[in-house]
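Topology and contacts: notes
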Amino acid sequence: QVQLVESGGGLVQAGGSLRLSCAASGRTLGYAMGWFRQAPGKEREFVAAISWSGGSTYYPDSMKGRFTVSKDNAKNTVYLQMNSLKPEDTAVYYCAAGRDYSSHSPLSYLYWGQGTQVTVSS
């Protein structure tokens, strides 16, 4: 079992930045970590992922340039740095653990955090 706890969400003005954290515990060995987001009425969307070692990252084209995923192995924590935020980035952001960091699909991830709300005002 893997437990995930996100933090760092909040309200920010357009153009601002936020850094989300995801603290992992339990049997995390070998699991890649992904970030997804879900806005009201929309499907869950892949944002970024990082391999278990932290040596490889993966982003969909729509997220490249503004979002950066990183990992502190000593703390077993994954971060999502979000810059130049836009109102359309407003969503609940989730971290998840899975075996394939290159997958966009939520179905590839086995464990999920409770989510953290990010609201970007215009």
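This text goes with the structure placed above it.
**Let's talk about the overall build of the protein**
- Per the secondary structure count, the protein includes 0 helices and 11 strands.
- Along the chain direction, N to C, the helices and strands of the protein fall in the order β-β-β-β-β-β-β-β-β-β-β.
- The C-alpha radius of gyration of the protein comes to 13 Å, within 12% of the 14 Å expected for a compact globule of 122 residues.
- On the principal axes, the C-alpha backbone points of the protein span a range of 40 × 25 × 25 Å.
- When the 122 residues of the protein are sorted by exposure, 44% land in the buried category.
- As presented, the protein carries roughly 6200 Å² of accessible surface, and 49% of it is formed by carbon and sulfur atoms.
- Side-chain charges in the protein split into 11 positive and 8 negative, and the spacing between the mean points of these groups amounts to 6 Å.

**Re the environment of lysine 42**
- The topology assignment puts lysine 42 in the loop between strand E4 (32-38) and strand E5 (45-50).
- Linking lysine 42 and glutamine 117, residues 75 residues apart in sequence, is a C-alpha distance of 15 Å.

**Examining the environment of glycine 8**
- Turning to its location among the elements, glycine 8 is positioned in the loop between strand E1 (2-7) and strand E2 (10-13).
- Of the residues examined, glycine 8 reaches a relative accessible area of 34% and is grouped as partly exposed.
- As a C-alpha pair, glycine 8 and cysteine 22 span 14 residues in sequence and 8.9 Å in three-dimensional space.

**Re the state of the cysteines**
- Per the counting criterion, the structure on display carries 1 disulfide.
- One disulfide in the model links cysteine 22 with cysteine 95; its S-S distance is 2.0 Å. Negative torsions about the S-S bond denote left-handed disulfides, and the value of about 55° found for cysteine 22 with cysteine 95 makes this one right-handed. Here cysteine 95 lies in strand E9 (residues 91-98) and cysteine 22 lies in strand E3 (residues 18-26), a separation of 73 residues in the sequence.

Rules of the game
- Residues numbered from 1 in each chain as written.
- Predicted model: local features only at pLDDT ≥ 70, side-chain atom pairs only at ≥ 80, totals over all residues.
- Heavy atoms only, no water.
- Helix = DSSP H or I, 4+ residues; strand = E, 2+ residues; numbered from the N terminus.
- Rg over C-alpha atoms; globule rule 2.2 N^0.38 Å.
- Buried < 20%, exposed > 50% of the residue type's maximum accessible area, 1.4 Å probe, protein only.
- Areas by Shrake-Rupley, 256 points an atom, 1.4 Å probe, with all protein chains shown as cover.
- Lys, Arg positive; Asp, Glu negative; His and termini not counted.
- Charge placed at Lys NZ, Arg CZ, Asp CG, Glu CD.
- Disulfide = S-S within 2.5 Å.

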